[in-house]
Amino acid sequence: MNGADSLGAYWLEQLAGLSLFGLGFARPWALLLLLLLPLWLWWLRRHEASRLTIPFSRADMLARGPRPALRFVKWIPWLRALALAGVIIAVAQPRSGARASTVNSEGIDIALTVDISSSMLAEDFQPQNRMEVAREKLKRFVMARKTDRVGLVAFSGEALTQVPLTTDYPVVLAAIDNLQVGQLEDGTAIGTAIATAANRLRNSPGRSRVMVLLTDGENNRGAIDPRTAAQAAGAFGIRIYTIGVGSEGMAPVPVGRGLFGLRYENRPVKIDEPLLTEIASTTGGRYFRAKDAAALQAIYEQIDQLERSAVEAKAFIRYTEQFRWPLLLGVVALLGELWLRARRGVLP
């Protein structure tokens with residue numbers, strides 16, 4: 001690009017950002033025509049002066065004659081200039097409201113992968129069970145998002161995508177509210193869950209892809225080995241953060257239904273921490289253990305500080321068009337000129 005092109009591009013950029021009296025312009029280059037109006041007025045005055053020179057042998061009679069026409073004539077060029085200025089400004093399309101802008105913000109693609117097996121009803125997070133606490137903390141995590149794309153995958157003996165990656169957070173929140181134990185075949189298919197969530201993330205547009213996998217058990221279902229699934233996810237650049245949910249020792253776990261609802265028995269808490277740690281380390285993530293509700297909240301707050309990648313978010317603003325006012329001013333000025341020309345009549 002040569003110097004002239006660079007200078008032209010610079011001035012076009014300046015015009016694009018032009019704002020007067022809080023108004024922006026869709027076609028700011030049209031305002032350059034306003035610079036021609038003073039030149040036109042100068043030419044018109046010279047032309048009119050030479051055209052209206054009237055030879056008269058008796059100057060004293062002219063001085064005594066009526067002069068209203070001369071008083072009106074001098075305003076005609078100014079009214080014409082005002083009419084042209086109004087039309088030019090209208091063509092420039094003035095409008096109020098902030099202009100659309102593209103901003104760079106920080107965001108990541110996150111697949112929330114949640115265990116909804118029957119053991120999630122264990123009541124070791126009193127006064128709530130694991131499922132209720134998990135829903136509550138997941139919702140708080142989602143509500144803290146601004147530009148991150150979030151998806152939701154539920155799993156037990158099988159896995160199912162509840163919400164694909166989206167920034168429509170109310171939809172994600174509603175899906176979290178609807179997570180219930182018993183929606184899928186019981187069991188804990190960690191490998192299937194990782195594969196399902198990775199399938200959602202692998203083609204996502206973000207440069208940073210994160211899977212947050214929450215479970216309270218050991219892998220006992222599914223045809224996909226969790227380690228193999230984790231290696232495949234890592235190959236797609238997906239970082240997995242695993243969370244083991246449950247207290248240490250014994251916990252009241254539902255074992256069936258009785259006359260008064262679910263029957264609970266104290267059973268040992270079994271979380272395959274070596275497996276979850278290996279899954280996380282294979283993909284560059286971390287393993288966390290949540291022994292109570294406060295610990296789970298702290299874990300999500302740590303994950304909230306994950307690395308972020310720049311994404312573009314474009315805000316589209318609705319403008320209020322204001323071209324009618326300068327156009328109306330131009331029409332009024334033109335009508336005023338026509339009225340004065342009609343009154344001018346013939347000079348005596």
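Bear in mind the structure is a predicted one, so any value in this text is a computation, not a measurement. (Residues numbered from 1 in each chain as written. Predicted model: local features only at pLDDT ≥ 70, side-chain atom pairs only at ≥ 80, totals over all residues. Heavy atoms only, no water.)

Draft legend 1. Representation of helix α9 (residues 226-235) within the structure. Among the residues making up α9, those that are buried are Pro 226, Ala 229, Ala 230 and Ala 233. Burial along α9 is one-sided: seen end-on, the buried residues are contained in an arc of 100°. Facing away from the buried side of α9, by more than 90 degrees, are the exposed residues Gln 231 and Ala 235. In this structure, the buried side of α9 is in contact with α8 (190-201), β9 (238-245) and α10 (273-282). Residue Asp 225 occupies the N-cap position of α9, its side-chain oxygen lying 3.2 Å from the main-chain nitrogen of Arg 227. Following α9 by one or two positions, Gly 237 has its phi on the positive side, about 75°. (Buried < 20%, exposed > 50% of the residue type's maximum accessible area, 1.4 Å probe, protein only. Helix = DSSP H or I, 4+ residues; strand = E, 2+ residues; numbered from the N terminus. Arc of directions from axis to C-beta. Contact = heavy atoms within 4.5 Å. Polar contact = N/O pair within 3.5 Å; in protein donor to acceptor, adjacent residues only side chain to side chain.)

Draft legend 2. Region of interest: helix α11 (residues 293-303). When α11 is considered as a whole, its buried residues turn out to be Leu 296, Gln 297, Ile 299, Tyr 300 and Ile 303. For α11, the arc enclosing every buried residue in end-on projection is 160°, short of the 170-degree limit, so these residues lie on one face. Contact partners of the buried residues in α11: α6 (130-143), β8 (209-215), β9 and β12 (287-290). A side-chain oxygen of the first residue of α11 lies 3.3 Å from the backbone nitrogen of Ala 294; this N-cap is Asp 292.

Draft legend 3. Spotlight on the sheet that holds β8. On the basis of which strands lie adjacent, the open sheet formed by 6 strands has the order β7-β6-β5-β8-β9-β12 and mixed pairing. What marks the edges here is a single partner per strand, and that holds for β7 (159-166) and β12. Direction aside, neighbouring strands of the sheet carry axes that sit 15° apart on average. Bridge analysis of strand β6 (residues 149-155) against β7 gives 5 bridges, and the strand direction is antiparallel. For Val 150, the partnering residue across the bridge sits in β7 and is Thr 166. (Pairing = 2+ DSSP bridges. Axes fitted to C-alpha atoms, helices over the stretch in contact; angles between N-to-C directions.)

Draft legend 4. Highlighting empty space enclosed by the protein. A complete count under the given rule lists 1 cavity of 30 Å³ or more for this structure. Put simply, the largest cavity is a space of about 30 Å³. Taken together, the elements giving at least two residues each to the lining of the largest cavity come down to β6 and β7. Of the residues belonging to the lining of the largest cavity, the class tally is 6 nonpolar, 1 polar and 1 charged. (1 Å grid on protein atoms, 1.4 Å probe; cavity = no way out; pocket = protein on both sides within 12 Å on 5 of 7 lines; lining within 4 Å. Points joined across faces, edges and corners; volume = space filled by probe spheres on them. Nonpolar A, V, L, I, M, F, W, Y, C, P; charged D, E, K, R; others polar.)

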